[in-house]
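Spelled out, the chains give:
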Amino acid sequence: MKKIMGKQTVRFANPPTVLAAASIVGPKEGEGPLSEYFDQIAPDITFGTDSWEKAESQLVSDTIQLAVQKAKLRMDDIGFILAGDLLNQSSGSNYGIRACERPFFGLYGACSAIGEGMALGAMLLDGGFAQYVLANASSHYCGAEKTFRFPLELGTQRTPTASWTVTGDGAVVLAAQGNGPFVTAVTAGSIVDMGVTDASNMGAAMAPAAAAVITAHLRDRNLNADYFDAIVTGDLGQVGADLLMALLREEKIDIAKQYDDCGLLIYDREKQDVHAGGSGCGCAAVTFASYLLPQLQTKKINRLLFIPTGALHNVASIQQGETIPAIAHAIAIENRVPASDPPSSTKGAQS
Amino acid sequence: MTILWAFIIGGLICVAGQLLIDLTQLTPARILVIFVVAGCLLSGMGLYQWLVDLAGAGALVPLPGFGHVLAQGVKKAIDERGWIGIFTGGFAAMAGGVTVAIVFGYIAALVTKPSGSAAM
Amino acid sequence: MTKSDYTNLVKQYSPGSKIAQNCLRAFVVGGAICVVGQLIMNVLLAGGMVRDDASLLTACALIIIAIVLTAMGTYSKIGKFAGAGSAVPITGFANAITAPAIEYKKEGLVMGVGAKLFIVAGPVLVYGAMASVVVGIFYYLFGGGR
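Residues numbered from 1 in each chain as written. Chains lettered and ligands numbered in written order. Predicted model: local features only at pLDDT ≥ 70, side-chain atom pairs only at ≥ 80, totals over all residues.

**Student:** Even after reading the chapter, I still don't get the overall build of chain A, so can you show me in this structure?
**Tutor:** When its secondary structure is counted, chain A shows 10 helices and 17 strands. Against the 2.2 N^0.38 benchmark of 20 Å for 351 residues, chain A shows a C-alpha radius of gyration of 19 Å, consistent with a compact globule. Its C-alpha atoms give chain A principal-axis dimensions of roughly 55 × 45 × 35 Å. Per-residue burial for chain A yields a buried fraction of 62% across its 351 residues. (Helix = DSSP H or I, 4+ residues; strand = E, 2+ residues; numbered from the N terminus. Rg over C-alpha atoms; globule rule 2.2 N^0.38 Å. Buried ≥ 20, exposed ≤ 12 C-beta atoms within 10 Å, placed from the backbone.)

The following block contains the structure:
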């Protein structure tokens, strides 16, 4: 069976099952609207350590253990761990996974990391290279501020378009065999850069990448947006979400009914003073692990298109006046494997 | 009376900074640099002293006042030591404030551990 | 859609800062910090101190207050409220030195605290020194210097 549809979408011959997922978050996320869904809410943003970097690694380590436990597996059963975060050289993942003694691929896709991990993990499983794969993504507010912005105690003001980095880790265990929900298709995004230079407006930088990958997914599978019960982006926030709608309208695609964004779900924007919404690798990861996956498992929704988004700049590139490249990956997760998708047309799905 | 002027002038200088932050894409660090340089050059041209006479701390405490101190320091040093003062005057004038900031900032780092209270 | 079309779209969908509110807060807090400075200076002058020394000690007192507030985690909250109102006074300079010193303590006393102390405030010193030399050169050549 041919596993490539259209230009850039992978359809799995043996769609992997999302076996289990775990989420651990910091105190602020624990006060947000998704509070009741998280597996654990840390009382202390230091996670019992003495640095932000160690805090994130502790968070990674704890969440991975929990996910394996929830999948009723042992760490030895995991064929590959795929993980990414926002610290320099992905050190949050590297140190958090150090003790696992399992084959590890470190990822960098900024806040799209959980999508990158799930996409590659599903391919590894469908390729027959493992029975179980664990995809993980984490971020820590304080570590991300230190890496990308200013020291925490500096008295600065955020602009209304700025987002708030989620302190949290989401770990997803994928299995080669299972009863679903299934990862049925994946559209890997290409880098899209529409010239945004403001690092305090990452939603605007990432919205075009999300629009491009959603359009590509629907086109490659020859589907209408209505096919999905839910279409959820990673961390566009309010500005990015509005821009995504506007961009998709240009493509004659309307997703307003089933659309949401993890960055808008995870915080109460007004009460929690997070401006445009949540962001960070942990944003999409914990929202999927705690809230979206259970909705699939309980059949409240049956077809989810999950689109983690990432801004691929760093501090030096912004200081050098570069624009912000962005990426998004679309992961289709469905309770039933479609018998066979309708033949892909080369034209846009909607045109 | 100076107190009222200190409030008004000090406040207005901060408003100028706020407008630069909100209306331009200048980062706070660039704005602070602009303010110090502007204060220093204005003072060098003799255009800042009147504001200090009027508003006292209102003109001295904001960063243009820091620039003013630098300019006055360099002038004084040149008067006393000739051309060598060009290179010694500025740093000599800011030595007290900067040293206090370094020493107490250092001590603060020693006794404080990052609490993450800013993360809520 | 071209990049310039998109730039316009971004402008349309990105809420601007609340400029009036921000300016009012900056005015009140910035003005208040200056008033505190003036009060300290008045006390020192009343005590018979010469004006230059009083100015210097006033700056030092404000710097120390700002450093204590930074260490307590209060200054970042003031800054969030006041924006330029707490960044532009000398207290903001003290905050800019202390915040990285605290943040990078874990990287050690030399390469952490020592090296990072000036990552935010350093440019102010660099450009302050440059400007003072420019002023000095002009003053020496044209301004009645010897």
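There is more to say after this.
**Student:** Quick question: what am I supposed to make of the overall build of chain B here?
**Tutor:** Of regular secondary structure, chain B possesses 6 helices and 0 strands. Ordered by position from N to C terminus, the α and β elements of chain B give α-α-α-α-α-α. Considering only C-alpha atoms, chain B reaches an extent of 55 × 35 × 35 Å along its principal axes. Per-residue burial over chain B gives 57% buried out of 120 residues. Long-range pairs, those at least 24 residues apart, make up 59% of the contacts in chain B with a sequence separation of at least 6. (Contact = placed C-beta atoms within 7 Å.)

**Student:** What is the right way to look at the interface of chain B and chain C in this model?
**Tutor:** Where the parts come together, the accessible area they lose is often given as the size of the interface. Listed as interface residues are 68 residues of chain B and, on the opposing side, 63 residues of chain C. When residues in the side of chain B that touches chain C are grouped by element, the largest group, 19 residues, is from helix 6 (residues 85-111) of chain B.

**Student:** Looking at this model, I keep getting lost on the interface of chain C and chain A. Mind explaining?
**Tutor:** In this assembly, 30 residues from chain C lie in contact with 25 residues from chain A. Elements represented by at least two residues in the side of chain C that touches chain A include exactly helix 1 (3-13), helix 4 (75-82), helix 5 (84-87) and helix 6 (90-103) of chain C. Element by element, the count of residues in the side of chain C that touches chain A is highest for helix 6 of chain C, at 8 residues. Classifying every residue of the side of chain C that touches chain A by side-chain character gives 14 nonpolar, 12 polar and 4 charged. (Nonpolar A, V, L, I, M, F, W, Y, C, P; charged D, E, K, R; others polar.)

**Student:** What exactly am I supposed to notice about the nonpolar core here?
**Tutor:** What tends to happen in soluble globular proteins is that the nonpolar side chains get buried as a cluster. Formed by 130 residues in total, the largest nonpolar core has its most connected members in Ala21, Ala67, Val172, Val173, Leu174 and Ala210 of chain A. Looking at which domains feed residues into this core, each of domain 1 (4-175) and domain 2 (182-334) of chain A supplies at least three. Once you skip the residues sitting within four places of it in the chain, Ala67 of chain A turns out to touch Ala20, Ala21, Ala22, Leu134, Ala171, Val172 and Val173 of chain A. By size, the runner-up hydrophobic cluster in this structure holds 87 residues, among which are Cys14, Ile21, Leu60 and Val74 of chain B. (Core = buried A, V, L, I, M, F, W, Y, C linked by C-beta atoms within 7 Å. Domains from an automatic or database assignment.)

**Student:** Which parts of the structure should I look at to understand helix 2 (residues 52-70) of chain A?
**Tutor:** At 3.6 residues per turn, the α-helix brings residues three or four places apart onto the same side. All names here are of chain A. Over its 19 residues, helix 2 extends 27 Å from the first C-alpha to the last, a length consistent with the 27 Å expected when each residue adds 1.5 Å. With 16 of 19 residues buried, helix 2 is to be regarded as a mostly interior element. Looking at the residues trailing helix 2, positive phi occurs at Lys72, about 60 degrees. (Expected span 1.5 Å × (residues − 1).)

**Student:** Looking at this model, I keep getting lost on the confidence of the model for chain A. Mind explaining?
**Tutor:** Caution is warranted with low-pLDDT regions, since their predicted coordinates should not be read in detail. Confidence in the prediction for chain A averages 95 pLDDT; 96% of positions are at 70 or higher. Across residues 343-351 of chain A, confidence stays below pLDDT 50; counting only partners more than four residues off in sequence or on other chains, it has 19 contacts. (pLDDT = per-residue confidence, 0-100.)

**Student:** Quick question: what am I supposed to make of the packing of helix 2 of chain A against helix 5 (residues 141-148) of chain A here?
**Tutor:** For any two helices packed against each other, the geometry comes down to the angle between their axes and how far apart the axes lie. Residue and element names in this part refer to chain A. Helix 5 packs onto helix 2 with a crossing angle of 135 degrees between their chain directions and a minimal axis gap of 8 Å. Here helix 5 runs oblique to helix 2, going by the angle between their axes. As helix 2 packs across helix 5, the resulting crossing turns out to be left-handed. Only Cys142, Gly143 and Lys146 of helix 5 make contact with helix 2, whose side of the interface consists of Trp52, Glu53 and Glu56. (Axes fitted to C-alpha atoms, helices over the stretch in contact; angles between N-to-C directions. Parallel < 35°, antiparallel > 145°, perpendicular 65-115°, else oblique. Left-handed = near helix turned anticlockwise from the far one by under 90°.)

**Student:** What exactly am I supposed to notice about the domain arrangement of chain A here?
**Tutor:** Residue and element names in this part refer to chain A. When the domains of chain A are assigned, the result is domain 1 (4-175) and domain 2 (182-334). Centre-to-centre, using C-alpha coordinates, domain 1 lies 17 Å away from domain 2. Counting from both sides, the interface comprises 60 residues of domain 1 and, opposite them, 60 residues of domain 2. Of all the secondary structure elements, the ones that give two or more residues to the side of domain 1 that touches domain 2 are strand 2 (9-11), strand 3 (17-25), helix 1 (27-30), helix 4 (113-126), strand 7 (132-139), helix 5, strand 8 (164-165) and strand 9 (168-175). Of all the elements, helix 4 adds the most residues to the side of domain 1 that touches domain 2, at 7 residues. Here the side of domain 1 that touches domain 2 is composed, by residue class, of 31 nonpolar, 19 polar and 10 charged.

**Student:** Would you explain the packing of helix 2 (residues 28-44) of chain B against helix 8 (residues 122-142) of chain C in this entry?
**Tutor:** Viewed as axis vectors pointing N to C, helix 2 of chain B and helix 8 of chain C meet at an angle of 20 degrees, and their least axial separation amounts to 9 Å. Accordingly, the angle class assigned to the pair helix 2 of chain B and helix 8 of chain C is roughly parallel. By crossing handedness, the relation of helix 2 of chain B to helix 8 of chain C is classed as right-handed. Residues Ala29, Leu32, Val33, Val36, Val37, Cys40, Leu41 and Gly44 of chain B of helix 2 of chain B form the contact with helix 8 of chain C, whose own contacting residues are Pro123, Val124, Tyr127, Gly128, Ala131, Ser132, Val135, Phe138 and Tyr139 of chain C.

**Student:** What is the right way to read helix 5 of chain A from this model?
**Tutor:** Most of helix 5 of chain A sits out of view: 7 of its 8 residues are buried. Of the residues making up helix 5 of chain A, those classed as buried are Tyr141, Cys142, Gly143, Ala144, Glu145, Lys146 and Thr147 of chain A. Structurally, helix 5 of chain A contributes buried residues whose contacts are with helix 2, helix 3 (91-97), strand 7 and strand 8 of chain A together with helix 6 of chain C.

**Student:** Would you mind showing me how to read the pairing of strand 10 (residues 182-187) of chain A here?
**Tutor:** It is a general feature of regular strands that their side chains alternate between the two faces of the sheet. All names here are of chain A. Taken across its 6 residues, strand 10 has 6 buried, putting it largely inside the fold. Note that strand 2 and strand 10 share 3 bridges and pair antiparallel. Looking across to strand 10, one finds that Thr9 is bridged to Thr187. Across 5 bridges, the pairing between strand 10 and strand 17 (residues 330-334) is antiparallel. The residue of strand 17 that forms the bridge with Ala185 is Ala332. (Pairing = 2+ DSSP bridges.)

**Student:** Help me out: how do you make sense of unusual backbone geometry in this one?
**Tutor:** Excluding glycine, most residues fall at negative phi; most peptide bonds, likewise, are trans. Residues and elements named next belong to chain A. Going from Gly180 to Pro181, the amide bond is cis rather than trans, its omega being 0 degrees. Of note, the phi angle at Gln89 is positive, near 55 degrees, even though the residue is not glycine. Structurally, Gln89 is set in the loop between strand 5 (80-84) and helix 3. Residue classification places Gln89 among the exposed residues on the basis of 10 C-beta atoms within 10 Å. Of note, the phi angle at Asn222 is positive, near 55 degrees, even though the residue is not glycine. For Asn222, the position within the fold is in the loop between helix 6 (202-221) and strand 11 (230-233). Of the residues examined, Asn222 has 19 C-beta atoms within 10 Å and is grouped as partly exposed.

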